[in-house]
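Understanding the architecture of this molecule
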Amino acid sequence: MSLSVDDVKRCEDAEANDAAAIADSLASMAGRSVASAWPLAGGRLIITGDGFYVNRAIAVALRQPITKDDFDLLEERSRAAGVLPEVEACPWADPSLLALAAELGYRATWFRSVLIRALPAGSASTPRSDLEIRPVENDRDFAAWREVTVAGFELGSHRQQEIARQWGEALRRFDSGR
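Residues numbered from 1 in each chain as written. Predicted model: local features only at pLDDT ≥ 70, side-chain atom pairs only at ≥ 80, totals over all residues. Heavy atoms only, no water.

Observations concerning the environment of S78
Considering the arrangement of structural elements, one finds S78 in helix α2 (residues 68-81). For S78, a relative accessible area of 0% translates into the label buried. Between the C-alpha atom of S78 and that of T48, which follows or precedes it by 30 residues, the distance is 9.8 Å. Excluding anything up to four places from it in sequence, S78 contacts I47, V83, L84 and P85. (Helix = DSSP H or I, 4+ residues; strand = E, 2+ residues; numbered from the N terminus. Buried < 20%, exposed > 50% of the residue type's maximum accessible area, 1.4 Å probe, protein only. Contact = heavy atoms within 4.5 Å.)

Next comes the structure, spelled out in structure tokens:
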């Protein structure tokens, strides 16, 4: 399967919008007032708090250049929440993203994930027949999902497990509100 640049932008937008909705869900839970989302350079800045999975700008500069004011907002909101400013860079982002980030002293520190990439001409992908992807539909499925998440991300400490529990609860609230 190949995707157009417009498809990639829709995927990035969906990730940003889902993360923003989960931040809203977290904010509605007792004691999670730091969680919030803001528009930023055509994408979203999502802050969920120290130790939580999403504290970064997502889908930025896909349809417009990013500006110094955008980076100022990223830094201001991140600092207020006690997290480092982070930008998830899409390969199809406007060149201003990497240029301005470098000018301001940002650097790539790791790759969160590589979900979409260009395939060489003539290549084909065959899905694995032993892999099943299905929605979480009940409490038993949800418990299994949380257990895999905790194990897969090596969330061994009590604090990390509590974060996974709160994130899972926010996801459950988000999913039930769709």
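On we go.
Remarks on α2
Over its 14 residues, α2 runs 20 Å from end to end, which matches the ideal 20 Å to within 8%, given 1.5 Å per residue. When we look at burial in α2, the residues that qualify are D70, F71, L74, S78 and A81. The arc enclosing the buried residues of α2, seen along the axis, measures out at 100°, which places them on a common side. Facing away from the buried side of α2, by more than 90 degrees, are the exposed residues D69, R79 and A80. (Expected span 1.5 Å × (residues − 1). Arc of directions from axis to C-beta.)

Quick notes on the pattern of salt bridges
Counted under the stated rule, the structure contains six salt bridges. A salt bridge links E76 to R77; the nearest nitrogen and oxygen atoms lie 3.7 Å apart. Look at E76 and you get partly exposed, because its relative accessible area is 43%. Classification of R77 as partly exposed rests on a relative accessible area of 25%. Connected through shared salt-bridge partners, E15, R56 and E88 make up one network. (Salt bridge = Lys/Arg side-chain N within 4 Å of Asp/Glu carboxyl O.)

Examining unusual backbone geometry
Trans is the common state for peptide bonds, and a negative phi is the common state for residues other than glycine. In this structure, A59 is a non-glycine residue whose phi angle is positive, near 65°. Looking at the secondary structure, you find A59 in the loop between β3 (55-58) and α2. When its relative accessible area of 2% is taken as the criterion, A59 is described as buried. Positive phi, normally seen in glycine, also occurs at A61, with a value near 60°. Mapped onto the elements, A61 comes out in the loop between β3 and α2.

Focus: the nonpolar core
Buried together is how nonpolar side chains tend to be arranged in soluble globular proteins. Counting 38 residues, the largest nonpolar core has I46 and I66 as its most contacted members. Every element with two or more residues in this core is listed here: α1 (5-28), β1 (36-40), β2 (43-47), β3, α2, α3 (96-103) and α5 (158-177). When residues of this core are assigned to their parent elements, the largest contribution, seven residues, is made by α1. Dropping the residues within four chain positions of it, I66 is found in contact with A41, V60, A61, F71, S96, L97 and L100. (Core = buried A, V, L, I, M, F, W, Y, C linked by side-chain atoms within 4.5 Å.)

Here we look at α1
End to end, α1 covers 35 Å across 24 residues, agreeing with the expected 34 Å (1.5 Å per residue, within 8%). Looking only at α1, the buried set comprises V8, K9, E12, D13, A16, A19, A20, I22, A23, S25 and L26.

Details of the pairing of β2
Within β2, four of the five residues are buried, which leaves the element mostly enclosed by the surrounding structure. Examined bridge by bridge, β1 and β2 share five bridges and lie antiparallel to one another. Considered in β2, the bridge of S36 is made with I47. Counting the residues between successive antiparallel strands, the hairpin from β1 to β2 contains two residues, one of them, A41, with a positive phi of roughly 50°. Relative to β3, β2 runs antiparallel, the two sharing four bridges. Counterpart to R44 in the pairing with β3 is I58. (Pairing = 2+ DSSP bridges.)

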